[in-house]
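Per-entry structural report
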2 protein chains.
Amino acid sequence: MTTVGQSVPRIDGIDKVTGRAAYVGDLEVPGMVHGKVLRSPLPHAKVISIDATRAERLSGVIAVLTRDKLHGIDPYFGSVIRDRPIVAMDKVRYQGEPVAAVAALDLATAQEALELIQVDYEELPLVSDMEQALIPGSPALHETNLCAQHDYAWGDVEEGFAQSDRVFEDTFTFPMVYHYALEPHASIGQYTSQGITVWSTAQHPFMVRDDLARMFGFSLNQVRIIVPYLGGGFGSKSYTKLEPLAVALSKVAERPVRVALSVEEAFKTVRRHSARCTVKTGVKRDGTFVARQCWVYLDTGAYADNGPLVAGRAGERIAGPYRWPSIKVESYAIYTNTTPAGSFRSIGAPQAAWASESQIDIIAAELGIDPLELRLKNLVARGEEVRKGQRPLEGDPAEGLRLAAQAVGWDSPEPAADPTDAVSPLEASVSTGKGLGCNLSGVGSSPTSTALVRLHVDGSVTVLAGTTELGQGSKSVLAQVASEELGIPLERIAVVSSDTSIVPYDRSTGSSRSTTLMGLAVQDGAREVKEQLLELAVRHFESPPEELVLEQGRVLRQGEGVTFGELIEEEFGSVAGELLGRGYVTPRRHGGRLAQSPVFWEVGIAAAQVEVDEETGAIRVRHYVSVADVGKAINPQQCEGQDEGAAMQGLGHTLFEEMLYEDGQLLNPNLIDYHVPTFAELPDKLETILIENGDGPGPFGAKGLGEGGIVAAAPAVANAIFRATGVRIKDLPLTPERVWRALQRAKGQDR
Amino acid sequence: MTTVGQSVPRIDGIDKVTGRAAYVGDLEVPGMVHGKVLRSPLPHAKVISIDATRAERLSGVIAVLTRDKLHGIDPYFGSVIRDRPIVAMDKVRYQGEPVAAVAALDLATAQEALELIQVDYEELPLVSDMEQALIPGSPALHETNLCAQHDYAWGDVEEGFAQSDRVFEDTFTFPMVYHYALEPHASIGQYTSQGITVWSTAQHPFMVRDDLARMFGFSLNQVRIIVPYLGGGFGSKSYTKLEPLAVALSKVAERPVRVALSVEEAFKTVRRHSARCTVKTGVKRDGTFVARQCWVYLDTGAYADNGPLVAGRAGERIAGPYRWPSIKVESYAIYTNTTPAGSFRSIGAPQAAWASESQIDIIAAELGIDPLELRLKNLVARGEEVRKGQRPLEGDPAEGLRLAAQAVGWDSPEPAADPTDAVSPLEASVSTGKGLGCNLSGVGSSPTSTALVRLHVDGSVTVLAGTTELGQGSKSVLAQVASEELGIPLERIAVVSSDTSIVPYDRSTGSSRSTTLMGLAVQDGAREVKEQLLELAVRHFESPPEELVLEQGRVLRQGEGVTFGELIEEEFGSVAGELLGRGYVTPRRHGGRLAQSPVFWEVGIAAAQVEVDEETGAIRVRHYVSVADVGKAINPQQCEGQDEGAAMQGLGHTLFEEMLYEDGQLLNPNLIDYHVPTFAELPDKLETILIENGDGPGPFGAKGLGEGGIVAAAPAVANAIFRATGVRIKDLPLTPERVWRALQRAKGQDR
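Residues numbered from 1 in each chain as written. Chains lettered and ligands numbered in written order. Predicted model: local features only at pLDDT ≥ 70, side-chain atom pairs only at ≥ 80, totals over all residues. Heavy atoms only, no water.

Brief notes about the overall build of chain A
Within chain A, the secondary structure is distributed over 19 helices and 30 strands. With the C-alpha coordinates aligned to their principal axes, the bounding extent of chain A is approximately 90 × 75 × 55 Å. Evaluated residue by residue, chain A yields a buried proportion of 65% over its 751 residues. For chain A, contacts bridging at least 24 residues in sequence account for 80% of all contacts bridging at least 6. When the accessible surface of chain A is summed, it comes to about 25300 Å², and 49% of that surface belongs to carbon and sulfur atoms. (Helix = DSSP H or I, 4+ residues; strand = E, 2+ residues; numbered from the N terminus. Buried < 20%, exposed > 50% of the residue type's maximum accessible area, 1.4 Å probe, protein only. Contact = heavy atoms within 4.5 Å. Areas by Shrake-Rupley, 256 points an atom, 1.4 Å probe, with all protein chains shown as cover.)

Below, the structure written as structure tokens:
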């Protein structure tokens, strides 16, 4: 292969490093005015009255949107349950919830107007956390505080536990975290009686289109969602977020309106689910897994967003990549008076893996079995049915786990903590250890993507693909697929994305799906172009297709060649025209290969060597290895970049990140108080190992990545801390304070 | 048929009447600055030196473009001959030619900077008109003043003249006129090292793309031309005009730059060719045409633009819709120091028809034959080969001519000028007469258009078609074609046009081609969607296709139905996805029907009844009838609107319009001094008659219109004046002064 497998430079790279790349915040739409959002100061209250009269009278104010201005609009949206209003209706359910919005000629006026809006609230009792939410008789945010529940089971776990030599039961907690994409949410809404145009930070523009069409009463072809470059997503921009508010505000303002959130407002838009997971596992003395039962509680905040799906996935993923003769899992999404929780890179998996993989090491230690060996003994194998009725596993997690362990020197002993070696007295307190983590996630969401490939008369190509370029490098990968399939150099391929009125349907950008599914669609489109070239060449050479070969932008017959462009010229009668190739990915196409879910299994494998300073509780990651099974790396450098980013984001929630609430008020919605990893906190050695067995369902045997890297970080680090210190910590993040307290507690118990 | 044939409201109507429709002048591109053009005050001069230093130093100026800043750019462009530079190189060749351009933070600064640019010229002798240009030894604008020459002939005209009973030779002149689209040219150029984006007032965006790719060294897929709504074209925005300057200025400014011309500057960008046509015609005593020889001289101004093509077409069209046993035509495009002349509604035809059709009436009067009868006797008939080797005539001009004559009451005598009837003494001087005009133009340019039809899961449709909506109503017509073909209501169809990076190839918007050729492409795209629906329905019903019927958005089998949307849902496995249908129009598709040129023959037929005030020379058009043979009117009201507009524009050059030059300086580039028809000058009765015989090559038997209506206006009016007064005028426009002088001259001769 020529292009596929090469680390070619990103095709959006120059735009970005020169600062030319335009984001929603850079755009100006003719007649556009500026919007600001009034947010609830209270976490739970009835909205008695809203008086916007004074704000409306302020010079420079165009319009104020409140619940009273929603005539003809269905105000509710939500990807699973439509429980979230554009602006507060009868109640507010979290601090920061939109209550009203102002459109004004400039932002300062809009801000000033916010302060003139009178809202009378009647405060309601706060439901601050899941424990409180589930107490019978607690105040209910919606009809009930139980947003969603999922169960599955096979075998008989009671019998399994009875047959087990040992049964372990542990409870783990995972913090509320925020995605912290560098670009907060922004939308320009343009409503007219004939339709809607929205420029927005949307990962799933076609789903936003569907929602807006329904809410505002339009056909799909009357709603246009344009997504320029996106400054990161990680799930925070999946489904519909700010768009209905921007459009409704535009409707009352009768002007296009831009609403661009601050970081603080973005924190109050969506976050990851915090979790409490209890895992009960029965094992034989030799380490054979017999039965598992899990209770997964996820705090979905004030509105469902993608919570019901996250609950299902967390439950599914807590089984881990292991063979269970019997299993029983129940998972719950619970409403509380906090920022709604939705999708975040590998939904539900980091929470599930944190619990599952931490407990594997607890079991290993108790049984005196090497954690690597315990895993290898129980791992599902290639071709095995991972979950009843789902697609058999196409990869081999054991290979990845062995590679990760090998890379951190699993079998080498830790250096002894030698005080004489220490540079300073404090260093004497340092100990090191290695840990592993491993998970398996069924990903790809729905196999529904379409693409269009245009071959121009000069032999250059434009690919129309609805994948959102959010920094993951999709444009380059899709260009590489088209280049390889057509035999046309990469620099002759352009990719146009994410404008629902012109680019054909794509379900979404997320769930590690784009390389696999949109990649297939682009490949199919390129193939349909080739079929047409062959037909034209048959006419040109007056030869049967068997005698013709497509190669490097030309069709050859016995050494004689004609360029693709010349064939188009012949067909169109002048230097004009183009050929169009369509790619459809649907469940039953591709020989039915995509009919079974998931689209593919993404492994998340990590090994970490950490250093624990027992005096301060500080953790330093000396060596971190992530293994990604990509089937075939279309662009190895981008694969590594994606995986390294995921690993670092995983180290964020492992070591630092947590949204803190007090009395329903979010305390730390900014980069000062909310600590994301910086370059100073990079592991001393950060490594990604790519596995390429060509066993993915995507183009050239590829499968996606980008999510696996985040999943196993926390258990790998915590397991390493345990092996360094003998202390098991079951709550994240592993801040110095928490580690120090755990160490102190352990020392106390020792005494 | 449900939609086709209905005068449905324009789908762009609401946008336009609400003022929401965005034109290039309304757009803001991030980082955009503003450009102004320095234009030559001299009509012909060497450019000795340009010093932009002072301008560049002015605060707020970003960059100045001069000939010295064109490194890496091919500065020349032109649709036939690449003789026009972006900015003046060695010479300037007309007053108003761009010499330099400034990009500044605001327009006032840009304007101020223009005055700081020092240009030293060395004046050259002026070539003010064609006569002077052709004098041997005259100064030459280019290598020669002969821009292009076309000849054709069949039969032996010398023998024809010898066999004729009478031979007539007359010379006619046609003025320089300007298109006067309400929106002058405007372009936003955005040049980066990776490609070009241009928002522009372009009728042929794909041709502009091709030019810019060549000039700036990019692939076709790196050049994006976006055309928002266009405020009229009429040919003034065909091919490449302002775009290279905007892009080159952006390149030096390293910022997007908007250059929006004033009306005066647009007058100095393009115009219609003035002409001098000599027609020599031999006839039998009974009126049978025997031979014709013509000499057509067209003033193409300082640069070729589309002049060579216009010369060819004028020559072709001067034959008229008549049967000629022998003919010999030579036509010339001549350079002069005036605004370059290019395409204008029905290129070459009004000039040719003015001469040809005026002479027909001269012959009729001399032979004592009714002008209608003389025409009918010699008209080509349906199925006849109009021009040797070209497509046989699919229509019947005789039918149209009879209808036009009948509509103005051809056979009714004129009212006697009865002084006792007069309201004022002046009215006593009024006389009336009726005149006819008829022409035939081979139109459609190249049969090369492609389209894409997207059927969404809710059953609504988006059509991607590269036709520029310039006010002619193409969006509505293309939506009607898709609606009819798919059996989906019109309000469920959206049309996206004119963005070369996303919409498939279309050659151009002009030559009355879009309804026919893009209409066919859209119809074909809709058919490919239907084929796929049928495949899905075969699976759904498990029935052979013969048992299935597509009807009203559903597929039916024995009364049982499934909607299009449900079929898409089944295929994509959820409420998702879409079907894509491609339409290709190329010469050899459609059973080879488009292989022969022209695409179709457009007749231009007019009848006028005019009133001549012999005291003042003022002309009043009492009744004006235009006949358009449209094959099938997709939208009758739009057809009528197009044809009425063309007729009025024809009355403009007939009665009022003329660009006046003195010493190479254009005297009247504005609405005060350049008189276009106003509502006050509408004919008392203005009528369009549509002929619908379903004989066009377009969808549902349609053929285009929009050009025919302008062609016969001038001869119809002049022939009516002759029949009212006995005075023959051979020069346009027929201003009161010119008519009065002719009447006076005739009276003098009578005495």
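Here we look at the packing of helix α11 (residues 371–378) of chain A against helix α12 (residues 397–407) of chain A
Residues and elements named next belong to chain A. At a minimum axis separation of 10 Å, α11 and α12 run at an interaxial angle of 170°. As summarised for this structure, α11 and α12 are arranged roughly antiparallel, according to the angle between their axes. On α12, the residues touching Leu372, Arg375 and Leu376 of α11 are Ala398, Leu401, Arg402 and Ala405. Class assignment of the residues belonging to the contact of α11 with α12 gives a composition of five nonpolar, no polar and two charged. (Axes fitted to C-alpha atoms, helices over the stretch in contact; angles between N-to-C directions. Parallel < 35°, antiparallel > 145°, perpendicular 65-115°, else oblique. Nonpolar A, V, L, I, M, F, W, Y, C, P; charged D, E, K, R; others polar.)

A few points about the relation of the copies chain B and chain A
Between the two copies, chain B and chain A, the superposition gives an RMSD of 0.0 Å; the rotation angle is 180° and the shift along the axis is 0.0 Å. Expressed as an axis order, the relation between the two copies is that of a two-fold axis. Residue glutamate 28 of chain B, judged by its C-alpha, is the member of chain B lying nearest the rotation axis, at 2.8 Å. A shared binding surface is used by both copies, with 100% of the interface residues of chain B retained as interface residues in chain A. (Least-squares fit on C-alpha atoms with pLDDT ≥ 70 in both.)

Observations regarding the sheet that holds strand β13 (residues 223–226) of chain B
Residues and elements named next belong to chain B. Across the sheet, seven strands lie side by side as β3-β7-β1-β14-β11-β12-β13; this open sheet has mixed pairing. Every interior strand has two partners, whereas the edge strands, β3 (61–65) and β13, have only one. The mean angle between the axes of side-by-side strands here comes to 20°, regardless of whether they run parallel or antiparallel. In this sheet, strand β7 (residues 98–104) lies alongside β3 in antiparallel orientation, the contact comprising four bridges. Residue pairing in the sheet places valine 64 in a bridge with valine 102 of β7. In this fold helix α6 (residues 205–216) packs onto β11 (186–192), β12 (195–200) and β13, with an angle of close to 145° to the strand it touches most, β13. (Pairing = 2+ DSSP bridges.)

A look at the pattern of salt bridges
Residues and elements named next belong to chain A. Scanning all chains against the criterion turns up 92 salt bridges over all chains. Note that lysine 16 is salt-bridged to aspartate 12, the shortest N-O span being 2.8 Å. By relative accessible area, lysine 16 is classed as partly exposed at 25%. Here the residues in one salt-bridge network are Arg382, Glu394, Asp629, Asp695 and Lys703, joined through shared partners. (Salt bridge = Lys/Arg side-chain N within 4 Å of Asp/Glu carboxyl O.)

Focus: the environment of aspartate 299 of chain A
Residues and elements named next belong to chain A. Take aspartate 299: it is sitting in strand β16 (residues 289–301). Between the alpha carbons of aspartate 299 and alanine 333 there is a distance of 5.9 Å; along the sequence they are 34 residues apart. When near neighbours in sequence (up to four residues on either side) are disregarded, aspartate 299 contacts Met130, Met176, Arg271, His273, Ser274, Ile334, Thr336, Thr338 and Ala341. Among the polar contacts listed, one links the side chain of aspartate 299 to the side chain of arginine 271, at a separation of 3.1 Å. (Polar contact = N/O pair within 3.5 Å; in protein donor to acceptor, adjacent residues only side chain to side chain.)

Comments concerning unusual backbone geometry
Residues and elements named next belong to chain A. In the segment running from leucine 732 into proline 733, the intervening peptide bond is cis, with an omega of -5°. Looking at the element boundaries, proline 733 is found in the loop between α18 (713–725) and α19 (736–750). Even without being glycine, tyrosine 180 reaches a positive phi, approximately 50°. By secondary structure assignment, the location of tyrosine 180 is in the loop between β10 (166–174) and β11 (186–192). Since its relative accessible area comes to 12%, tyrosine 180 is described here as buried. Although it is not a glycine, serine 346 sits at a positive phi angle of roughly 60°. Within the fold, serine 346 resides in the loop between β17 (326–335) and α10 (349–367).

Notes on the packing of α6 of chain B against helix α7 (residues 243–253) of chain B
Packed helices, taken two at a time, are described by their axes: the angle between them and the distance between them. All names here are of chain B. It is the contact of α6 with α7, at a shortest axis distance of 10 Å, that shows an interaxial angle of 40°. Here α7 runs oblique to α6, going by the angle between their axes. Taken as a pair, α6 and α7 cross one another with a handedness that is right-handed. On the side of α6, the interface is formed by Val208, Leu212, Met215 and Phe216, while α7 contributes Glu243, Pro244, Val247 and Ala248. Residue classes in the contact of α6 with α7 are distributed as seven nonpolar, no polar and one charged. (Left-handed = near helix turned anticlockwise from the far one by under 90°.)

A short note on the nonpolar core
Judged by nonpolar contacts, the single largest core of 186 residues is most densely connected at Ile86, Phe216 and Val522 of chain A together with Ile86, Phe216 and Val522 of chain B. In terms of nonpolar packing, the next biggest core, distinct from the first, is built from 114 residues, Ala275, Val296, Trp324 and Leu743 of chain B among them. (Core = buried A, V, L, I, M, F, W, Y, C linked by side-chain atoms within 4.5 Å.)

Focus on the side chain of arginine 39 of chain B
All names here are of chain B. Its location among the elements puts arginine 39 in strand β1 (residues 33–39). For arginine 39, a relative accessible area of 16% corresponds to the buried category. In terms of polar contacts, arginine 39 uses its side chain to reach the backbone carbonyl oxygen of glycine 96, at 2.8 Å. Separated by 2.9 Å, the side chains of arginine 39 and glutamate 265 make a polar contact. If we skip the residues at most four places from it in the chain, arginine 39 touches Gly96, Glu97, Pro98, Val99, Leu261, Glu265 and Lys268.

Comments concerning α6 of chain B
All names here are of chain B. With twelve residues, α6 extends 16 Å between its outermost C-alpha atoms, agreeing within 8% with the 16 Å of an ideal straight helix rising 1.5 Å per residue. Within α6, ten of the twelve residues are buried, which leaves it mostly tucked inside the rest of the structure. Note on α6: the residue one or two positions beyond its end, glycine 217, has a positive phi of about 75°. (Expected span 1.5 Å × (residues − 1).)

As for the confidence of the model for chain A
On average, residues of chain A score 96 in pLDDT, and 98% of them are at 70 or above. The complex prediction reports pTM at 0.96, with the ipTM value standing at 0.95. (pLDDT = per-residue confidence, 0-100.)

As for the interface of chain B and chain A
Chain B puts 60 residues into the contact, and the matching count from chain A is 60 residues. Regarding the contact of chain B and chain A, the summed buried area is about 4800 Å², with carbon and sulfur atoms giving 52% of it. The tally of links from chain B across to chain A stands at six salt bridges. The partner of arginine 588 of chain A in a salt bridge is glutamate 571 of chain B, and the shortest N-O contact between them spans 2.7 Å. There are 34 residue pairs in polar contact (both at pLDDT 80 or more) connecting chain B and chain A. Every element with two or more residues in the side of chain B that touches chain A is listed here: α1 (13–17), α6, β19 (449–456), β20 (461–465), β21 (493–496), α14 (514–541), α15 (564–572) and β25 (578–585) of chain B. Counting residues per element, the side of chain B that touches chain A draws most heavily on β25 of chain B, which supplies six residues. (Buried area = accessible area lost by both parts, 1.4 Å probe.)

Considering the state of the cysteines
The full count for this structure, using the stated rule, is zero disulfides over all chains. Here cysteine 639 of chain A stays unpaired: no disulfide links it, and the sulfur of cysteine 438 of chain A, its closest cysteine neighbor, is 19 Å away. (Disulfide = S-S within 2.5 Å.)

Overview of α15 of chain B
Residue and element names in this part refer to chain B. Every buried residue of α15 is accounted for by Phe564, Gly565, Leu567, Ile568, Glu571 and Phe572. Along α15, the residues classed as buried sweep out an arc of 160° about the axis, all on the same side. Backbone geometry just downstream of α15 places glycine 573 in the positive-phi region, at approximately 80°. (Arc of directions from axis to C-beta.)

Some points on the sheet that holds β11 of chain A
Residues and elements named next belong to chain A. Strand order in the open sheet formed by seven strands is β3-β7-β1-β14-β11-β12-β13, and the pairing between neighbours is mixed. If you trace the sheet from one side to the other, it starts and ends with β3 (61–65) and β13 (223–226), each paired once. Strand-to-strand twist across the sheet, computed as the mean angle between neighbouring axes with direction ignored, equals 20°. The sheet strands contacting helix α6 (residues 205–216) are β11, β12 (195–200) and β13, and the helix crosses β13 at an angle near 145°.

Let's talk about the side chain of glutamine 95 of chain B
Residue and element names in this part refer to chain B. Note on placement: glutamine 95 falls in the loop between β6 (91–92) and β7. Accessibility expressed as a relative area gives 9% for glutamine 95, which makes it buried. Only 3.3 Å separates the side chain of glutamine 95 from the side chain of glutamine 665, close enough to count as a polar contact. In this structure the side chain of glutamine 95 is engaged in a polar contact, spanning 3.0 Å, whose partner is the backbone nitrogen of leucine 666. Setting aside chain neighbours within four positions, we find glutamine 95 in contact with Ser40, Pro41, Leu42, Pro43, Lys268, Gly664, Gln665 and Leu666.

Some points on the pairing of β12 of chain A
Residues and elements named next belong to chain A. Within β12, six of the six residues are buried, which leaves the element mostly enclosed by the surrounding structure. Here β11 runs beside β12; their pairing, made up of six bridges, is antiparallel. Along β12, the bridge assignment pairs tyrosine 191 with isoleucine 196. What sits between β11 and β12 in their antiparallel hairpin is a turn of two residues. Direction of pairing for β12 relative to β13: parallel, over a ladder of four bridges. Bridge pairing links threonine 197 to arginine 224 in β13.

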